[in-house]
Amino acid sequence: MLIVKTAQIPVHFGITKHKLSILNSLTGRTTYGIWVWSNLFKEHKLKGSYWDRRLFYEYVKEQVKLNATMTQCCFDTATWMWQSYRQLHKDWRR
């Protein structure tokens with residue numbers, strides 16, 4: 001089953017096309033970065049610790065072409081998503 005989620009970002013009506021293209025590129029790359037981290041979580045059964053981040057940090061940074069801060073943000077978001085998923089699954093199994 002394929003699930004597609006859309007994020008709506010409010011922008012000012014007077015935004016220029018250039019700024020809008022920068023925003024589209026940035027949100028696309030961060031979404032891709034979160035997807036890459038999520039796949040690594042699934043494949044390698046990562047828990048979301050800093051040791052896990054250290055193992056794949058350079059790989060994700062190189063593949064997604066984001067700076068260090070945004071790569072960290074993608075890792076934090078993916079970690080939160082997986083921890084939330086595991087907690088909900090644990091509650092569901094009870």
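Residues numbered from 1 in each chain as written. Predicted model: local features only at pLDDT ≥ 70, side-chain atom pairs only at ≥ 80, totals over all residues. Heavy atoms only, no water.

(A) Region of the structure containing helix H1 (residues 17-44). With 28 residues, H1 extends 40 Å between its outermost C-alpha atoms, agreeing within 8% with the 40 Å of an ideal straight helix rising 1.5 Å per residue. The set of residues buried in H1 consists of Thr30, Gly33, Ile34, Val36, Trp37, Ser38, Asn39, Leu40 and Phe41. Contacts made by the buried residues of H1 are with helix H2 (50-64) and helix H3 (68-93). In the stretch just after H1, Lys45 is the one whose phi turns positive, near 50 degrees. (Helix = DSSP H or I, 4+ residues; strand = E, 2+ residues; numbered from the N terminus. Expected span 1.5 Å × (residues − 1). Buried < 20%, exposed > 50% of the residue type's maximum accessible area, 1.4 Å probe, protein only. Contact = heavy atoms within 4.5 Å.)

(B) Seen up close, H3. Counted at 1.5 Å a residue, the expected span for H3 with its 26 residues is 38 Å, and the 37 Å between its end C-alpha atoms agrees. Considered for burial, the residues of H3 that qualify are Thr71, Gln72, Cys74, Phe75, Ala78, Thr79 and Trp82. On its buried side, H3 packs onto H1 and H2.

(C) Broad picture of the packing of aromatic side chains. Going through the model one piece at a time under the given rule, you end up with five aromatic pairs. Both rings, one in Phe41 and one in Phe75, keep their centres 6.1 Å apart while their planes meet at 40 degrees; by these two values the pair is tilted. Taken together, the residues Phe41 in helix H1 and Phe75 in helix H3 connect sequence positions 34 residues apart. On the accessibility criterion, Phe75 (2% relative accessible area) is buried. Between Trp82 and Tyr85, the ring centres sit 5.6 Å apart and the planes meet at 80 degrees, which makes this aromatic pair edge-to-face. Of this pair, Trp82 and Tyr85 both sit in helix H3, three residues apart, roughly one helical turn. One aromatic cluster is present, built from ring pairs that chain together Trp37, Phe41, Phe75, Trp82 and Tyr85. (Phe/Tyr/Trp six-rings, centres within 6.5 Å; stacked < 30°, edge-to-face > 60°.)

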